[in-house]
Amino acid sequence: VYDTEHAAKAIYVMRSFDETKAWQYYFKLQGMFYRDGIDPTQVANLIELAREFDVDAEEFQLRYSDENIRQALYNEFAQVMEWGVSGFPTVLYWIENKLYYLSRGYMPEPQMFERIQSVLEHTAEMRAPKATTPDSDAAQGPACGPGEDC
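The following refers to the structure shown. Since we're looking at a predicted model, the values are computed, not measured.

## Overview of the side chain of Thr-123
Here is step 1: In this structure, Thr-123 sits in helix α6 (residues 109-127).
Here is step 2: On the basis of relative accessible area, Thr-123 is assigned to the buried category, the value being 2%.
Here is step 3: Dropping the residues within four chain positions of it, Thr-123 is found in contact with Tyr-93, Ile-95 and Tyr-100.

Below you can see the structure in the form of structure tokens.
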């Protein structure tokens, strides 16, 4: 049975050490499994890989075994399912409490760049300040009183 939970938890643990190292760890973990045939369900293999990133093996093991880490990972799984992610790869862009799907499944690089550009342009337009004139309501400030939510 193919079980990716161990690898996902190891990446989550690496994120707790250093977000930037987590990406590098992820890529090396992929190579370890797909290219080298090393079993990522064996914690010793995950720890050995973490050592390559100057992560203390005992601390990695402690965090990997921590029930709070496992629960936090499951919470992430639940959040992703709530967003409707059901396959991989899925690329999302989150800005100002709005989620944009850049791709669901494989997308060639040129199309991905076009999609990213389109979403960035759309979100920039949404965030752009609106032009006002001295007579407009916006120029006078919000129409609400002290203590009221505007």
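## Regarding helix α4 (residues 57-65)
Here is step 1: Taken together, the buried positions of α4 are Ala-57, Phe-60 and Tyr-64. All buried residues of α4 project into a common sector of 60° when viewed along the axis, lining one side. Exposed residues lying more than 90 degrees from the buried face of α4 are Glu-58, Leu-62 and Ser-65.
Here is step 2: Residues of α4 that are buried make contact with α1 (5-17), α2 (19-35) and α3 (43-51).
Here is step 3: In this structure Asp-56 caps α4, since a side-chain oxygen of it lies 3.3 Å from the backbone nitrogen of Glu-58.

About the criteria used
- Residues numbered from 1 in each chain as written.
- Predicted model: local features only at pLDDT ≥ 70, side-chain atom pairs only at ≥ 80, totals over all residues.
- Heavy atoms only, no water.
- Helix = DSSP H or I, 4+ residues; strand = E, 2+ residues; numbered from the N terminus.
- Buried < 20%, exposed > 50% of the residue type's maximum accessible area, 1.4 Å probe, protein only.
- Contact = heavy atoms within 4.5 Å.
- Arc of directions from axis to C-beta.
- Polar contact = N/O pair within 3.5 Å; in protein donor to acceptor, adjacent residues only side chain to side chain.

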